Amino acid sequence: MNLSFSKLFFILAFIFGLFAVMIIGRSVLIPLSMALLVSFILFPVVQKLEAWGVNRLFAAFLSLLMLFLILGGFLTLFSTQVMNFSDQIAGFTEKIMDTLSEVIVYVNGNVNFIEDLNREELIEEGKSWLQSSSGTLLQSTFSTTATLFTGIFTTVIFTFLILIYRDGLTKAFVSFGEEENQDRIFRMLQKIQRVGKQYLSGMFILILILGFANSIGLLLIGIDNPFLFGFLAALLSIVPFVGTTIGAVIPALYAFMSSDSLWVPVAVVIWFWAIQVIESNFLNPKIVGSSLNVNALVAIMSLLVGAAVWGVAGMILFMPFASILKVICEEFEQLKPIAMLISNDISGDEKKAAKTSMWIEKVKGWFK
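As the structure is a computational prediction, the values presented were derived from the model and not from experiment. (Residues numbered from 1 in each chain as written. Predicted model: local features only at pLDDT ≥ 70, side-chain atom pairs only at ≥ 80, totals over all residues. Heavy atoms only, no water.)

Visitor: I'm lost on the packing of aromatic side chains in this one. Help?
Guide: Centre-to-centre distance and the angle between the planes together describe a pair of aromatic rings. Scanning the model with the defined rule gives 7 aromatic pairs in all. Taken together, a centroid distance of 4.7 Å and an interplanar angle of 40 degrees make the contact between Phe229 and Tyr254 tilted. Taken together, the residues Phe229 in helix 7 (residues 226-236) and Tyr254 in helix 8 (residues 242-258) connect sequence positions 25 residues apart. Overall, the relative accessible area of 4% leaves Tyr254 in the buried class. Where Phe318 meets Phe321, the ring centres are 6.1 Å apart and the plane angle is 40 degrees; that geometry is what we call tilted. Here the residue Phe318 and the residue Phe321 both occupy positions in helix 11 (residues 312-329), the gap between them amounting to 3 residues, near one helical turn. Residue Phe318 is classed as buried on the basis of its relative accessible area of 10%. We classify Phe321 as partly exposed; its relative accessible area is 24%. Within the aromatic cluster, the residues linked to one another by ring pairs are Trp310, Phe318 and Phe321. (Phe/Tyr/Trp six-rings, centres within 6.5 Å; stacked < 30°, edge-to-face > 60°. Helix = DSSP H or I, 4+ residues; strand = E, 2+ residues; numbered from the N terminus. Buried < 20%, exposed > 50% of the residue type's maximum accessible area, 1.4 Å probe, protein only.)

Visitor: How should the packing of helix 6 (residues 182-221) against helix 7 be read in this particular structure?
Guide: Relative placement of two packed helices is described by the angle separating their axes and the distance separating the axes. Two numbers describe how helix 6 lies on helix 7: the axes approach to 7 Å, and their chain directions differ by 145 degrees. Seen from above, helix 6 lies across helix 7 with right-handed handedness. Side by side, helix 6 and helix 7 meet where Ile207, Leu208, Leu210, Gly211, Phe212, Asn214, Ser215, Leu218 and Leu219 of the first sit next to Pro226, Phe227, Phe229, Gly230, Phe231, Ala233, Ala234 and Leu235 of the second. The residue makeup of the contact of helix 6 with helix 7, split by class, is 13 nonpolar, 4 polar and no charged. (Axes fitted to C-alpha atoms, helices over the stretch in contact; angles between N-to-C directions. Left-handed = near helix turned anticlockwise from the far one by under 90°. Contact = heavy atoms within 4.5 Å. Nonpolar A, V, L, I, M, F, W, Y, C, P; charged D, E, K, R; others polar.)

Visitor: What exactly am I supposed to notice about the pattern of salt bridges here?
Guide: Any two side chains of opposite charge can pair, on the condition that their charged atoms come close. The final tally for this structure, using the stated rule, is 7 salt bridges. A salt bridge links Arg184 to Glu331, with the nearest nitrogen and oxygen atoms 3.0 Å apart. A residue pair is termed long-range when its members are at least 10 positions apart, and Arg184 in helix 6 and Glu331 in the loop between helix 11 and helix 12 (336-342) qualify at 147 residues. Residue class for Arg184 comes out partly exposed when judged on its relative accessible area of 40%. Owing to a relative accessible area of 28%, Glu331 belongs among the partly exposed residues under this scheme. Ionic pairing is found between Glu330 and Lys326, a salt bridge with its closest N-O pair at 3.1 Å. The class for Glu330 is partly exposed, based on a relative accessible area of 26%. (Salt bridge = Lys/Arg side-chain N within 4 Å of Asp/Glu carboxyl O.)

Visitor: Mind showing me how you'd approach the nonpolar core here?
Guide: By size, the foremost hydrophobic cluster in this structure holds 16 residues, and its most contacted members are Ile192, Trp310 and Phe318. Contributions of two or more residues to this core are made by helix 2 (26-51), helix 6, helix 10 (296-310) and helix 11. For this core, the element with the most residues is helix 11, which contributes 5 residues. Not counting chain neighbours up to four residues away, the residues in contact with Trp310 comprise Met22, Arg26, Leu29, Ile30, Ser33, Leu317, Phe318 and Phe321. In this structure, Leu218, Ile223, Ala252 and Val268 belong to the second largest nonpolar core, which totals 10 residues. (Core = buried A, V, L, I, M, F, W, Y, C linked by side-chain atoms within 4.5 Å.)

Visitor: For this particular structure, what's the right way to read the packing of helix 2 against helix 6?
Guide: Viewed as axis vectors pointing N to C, helix 2 and helix 6 meet at an angle of 95 degrees, and their least axial separation amounts to 8 Å. Between helix 2 and helix 6, the angle is such that the two are roughly perpendicular. Here Leu37, Val38, Phe40, Ile41, Phe43 and Pro44 of helix 2 lie close against helix 6, whose contacting residues are Ile192, Gln193, Gly196, Lys197, Leu200 and Ser201. In the contact of helix 2 with helix 6, the residues fall into 8 nonpolar, 3 polar and 1 charged. (Parallel < 35°, antiparallel > 145°, perpendicular 65-115°, else oblique.)

Visitor: Whenever I open this one, the environment of Gly230 confuses me. Can you help?
Guide: If you trace the backbone, Gly230 turns up in helix 7. Through-space distance from the C-alpha of Gly230 to that of Gly247 is 8.3 Å; in sequence the pair is 17 residues apart. Beyond its immediate sequence surroundings of up to four residues, Gly230 is in contact with Leu210, Gly211, Asn214, Ser215 and Leu218.

Visitor: Would you mind going over a nonpolar patch on the surface with me for this structure?
Guide: A cluster of nonpolar side chains, contributed by Leu3, Phe5, Leu8, Ile11, Leu12, Phe14, Ile15 and Leu18, occupies part of the molecular surface with about 830 Å² of accessible area. By secondary structure assignment, the location of Phe14 is in helix 1 (residues 5-24). (Patch = residues over 30% accessible without salt bridge, like charges linked within 9 Å, V, L, I, M, F, W, Y side chains within 5 Å. Areas by Shrake-Rupley, 256 points an atom, 1.4 Å probe, with all protein chains shown as cover.)

Visitor: In this structure, what is going on with the side chain of Ser33? I would like to understand it.
Guide: Looking at the secondary structure, you find Ser33 in helix 2. Beyond its immediate chain neighbours, meaning those up to four positions away, Ser33 contacts Trp310, Leu317 and Phe321.

Nothing here speaks to function; it is geometry throughout.
So, in structure tokens, the structure goes:
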């Protein structure tokens, strides 16, 4: 076994330089990456329109217009529920302050951190703090909204340009390889496009299923605005692990604030836990997991690295990027070990052994 320190140095320098470029150029790379994934799913639509005789420029415009109409329909559908929820926030603020003050007074009465702690004084100080911080919160919200709309506009422009100039971009990438390998590079690019399309279409189907399942449960429990909270939790499930937890906490807190019975928020938590178990073990592996083919370790690493590099956008994008990296590494002999580290495939012998052990455990369960 030989270890080349010069190769190791160049590998580490390349990784460090790559992450430095991703952090410095995030304002351009994030919308460009989003546009690349969106163009993957719109590419078949554009192809179909061009086959019907539509001009390429107009076909790309129509595909983006259809996407905006779908998204606009969802926003219009839930706008009334958002307005109703915003009207209730003022009442919830007072209830949250009352609850927090009671908890603080109770803890201080048993531990005695502060002498003569008054509940009314706590509420007044909390209200004054909220009033003083409202300006900063409004400024931060405005800045975040402006950044979000700028990113959306840039993503739309990039998507439109990628759909128009896709042939030239494909030929340029294929031309980087030697002549005898250009067919393999073209097939690799096609595979990358299929992976991105399957991921986005799978996530869309999963969001619809989770949204309706969450909303029906909240409707049966008796929560106001069930479709708002149900589909909000489904949208947050795009961010693995973290998004599903936040999506369950929001309706549970709303149920705690709006209901006098403790069983209502408990029922919300139990319902979302059951949906999460079904989604993690059955729906996600069948709908989305088959397109990604990424093991759990790489999925968690993608989540952490994406959050550190690009924030929430990185948590969404780095999962399909890991699958795309696996597709690329499979085409190069030197990089095949990386593809094996990313892949979730089990060899034939391991599959047989796992199947055998499963049947053994099942037989043992029958006798028990």
